[in-house]
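Architecture and fold: a report
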Amino acid sequence: MDSRPTILVLNGPNLNMLGVRQPEIYGRETLGDIEAMARERGADIGLTVDFRQTNDEGELIEWIHEARGTAEGIVINAGALTHTSVAVLDALLLCELPVIEVHLSNIYARESFRHHSYISPAARGVICGFGGRGYLYALDAMTRLIAGSED
Ligand code: DQA
């Protein structure tokens, strides 16, 4: 049996297009590249990484519900749903797990509609502007959160 904590890494709409999507903003890395890096980092620091992407808000919400009881934490890049979805916020609030919000780009250096995140109130912290490495920073922070060595 795998006793390593499972961290759900969730990706929302359009993130499946990384690599070809506005590379001047999001870089050339694909979501597959980021997943491979995240799995490797997880293995190094004793986490099982369950990495997923969906373009469907309902599916994202179902996955957050499932995490209650099956995962120890959630790292989420909700894509544009960050700026629109009270439903994703509510799902994150009810799951009662540590949540870390990630964005590849620095959303505060972009259009003003990206400056507001509906989901940040449910997050222990937010990492943005570091491209795919942001997911690795989030996993590092998550190990400390679930070990109780950081609050
Ligand atoms: C994003 C930033 C969002 O504003 C945008 O809608 C995305 C990606 C990021 O990772 O930088 O889809 O979450």
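As shown above, the structure is provided for reference.
Remember, it's a predicted structure, so these values are computed and weren't measured experimentally.

Attention shifts here to the overall build of the protein chain. The secondary structure content of the protein chain amounts to five helices and five strands. Moving toward the C terminus, one meets the helices and strands of the protein chain in the order β-α-α-β-α-β-α-β-β-α. For the protein chain, the C-alpha radius of gyration of 14 Å lies close to 15 Å, the compact-globule estimate for 151 residues. Reported as C-alpha extents along the three principal axes, the dimensions of the protein chain are approximately 45 × 30 × 25 Å.

Per the counting criterion, the structure on display carries seven salt bridges. Here Glu96 and Arg68 are joined by a salt bridge, their closest N and O atoms 3.5 Å apart. With Glu96 in the loop between helix H4 (86-94) and strand E4 (99-103) and Arg68 in the loop between helix H3 (57-67) and strand E3 (73-77), this residue pair connects regions lying 28 residues apart in the sequence. Between Arg114 and Glu111 there is a salt bridge, with its nearest N and O atoms 2.7 Å apart. Look at the salt bridges and you will find they share partners, linking Asp50, Arg52 and Glu66 into a network.

Take the site of the ligand next. Lining the immediate environment of the ligand, one finds Arg21, Tyr26, Asn77, Gly79, Ala80, His83, His103, Leu104, Ser105, Ile107 and Arg114. His103 has a polar side-chain atom sitting 2.8 Å from an oxygen atom of the ligand. Here an oxygen atom of the ligand sits 2.9 Å away from a polar atom, N or O, in the side chain of Arg114. Here the ligand is seated within the largest cavity. Grouping the amino acids of the shell around the ligand by side-chain chemistry returns four nonpolar, five polar and two charged.

This part takes up the packing of helix H2 (residues 31-45) against helix H5 (residues 133-147). Packing of H2 against H5 leaves a shortest axis separation of 9 Å and a crossing angle of 25°. Relative to H5, the element H2 lies roughly parallel. Here H2 runs over H5; the crossing is right-handed. The segment H2 lies against H5, with Ile34, Met37, Ala38, Arg41, Gly42 and Ile45 engaging Arg133, Tyr135, Leu136, Leu139, Asp140 and Thr143. For the contact of H2 with H5, the residue count by class is seven nonpolar, two polar and three charged.

Here we take up empty space enclosed by the protein. Gaps between atoms show up when a probe of the same size as a water molecule is rolled over them. On inspection of all chains with the given rule, the structure shows one cavity of 30 Å³ or more. Looking at the largest cavity, its volume works out to about 120 Å³. As for the largest cavity, its lining consists of 13 residues, and the residues nearest its centre are Tyr26, Asn77, Gly79, His103 and Arg110. In terms of residue class, the lining of the largest cavity is built from five nonpolar, five polar and three charged.

Quick notes on the rules
- Residues numbered from 1 in each chain as written.
- Predicted model: local features only at pLDDT ≥ 70, side-chain atom pairs only at ≥ 80, totals over all residues.
- Heavy atoms only, no water.
- Helix = DSSP H or I, 4+ residues; strand = E, 2+ residues; numbered from the N terminus.
- Rg over C-alpha atoms; globule rule 2.2 N^0.38 Å.
- Salt bridge = Lys/Arg side-chain N within 4 Å of Asp/Glu carboxyl O.
- Near = heavy atom within 4 Å.
- Polar contact = N/O pair within 3.5 Å; in protein donor to acceptor, adjacent residues only side chain to side chain.
- 1 Å grid on protein atoms, 1.4 Å probe; cavity = no way out; pocket = protein on both sides within 12 Å on 5 of 7 lines; lining within 4 Å.
- Sits in = over half its atoms within 2 Å of the grid points.
- Nonpolar A, V, L, I, M, F, W, Y, C, P; charged D, E, K, R; others polar.
- Axes fitted to C-alpha atoms, helices over the stretch in contact; angles between N-to-C directions.
- Parallel < 35°, antiparallel > 145°, perpendicular 65-115°, else oblique.
- Left-handed = near helix turned anticlockwise from the far one by under 90°.
- Contact = heavy atoms within 4.5 Å.
- Points joined across faces, edges and corners; volume = space filled by probe spheres on them.

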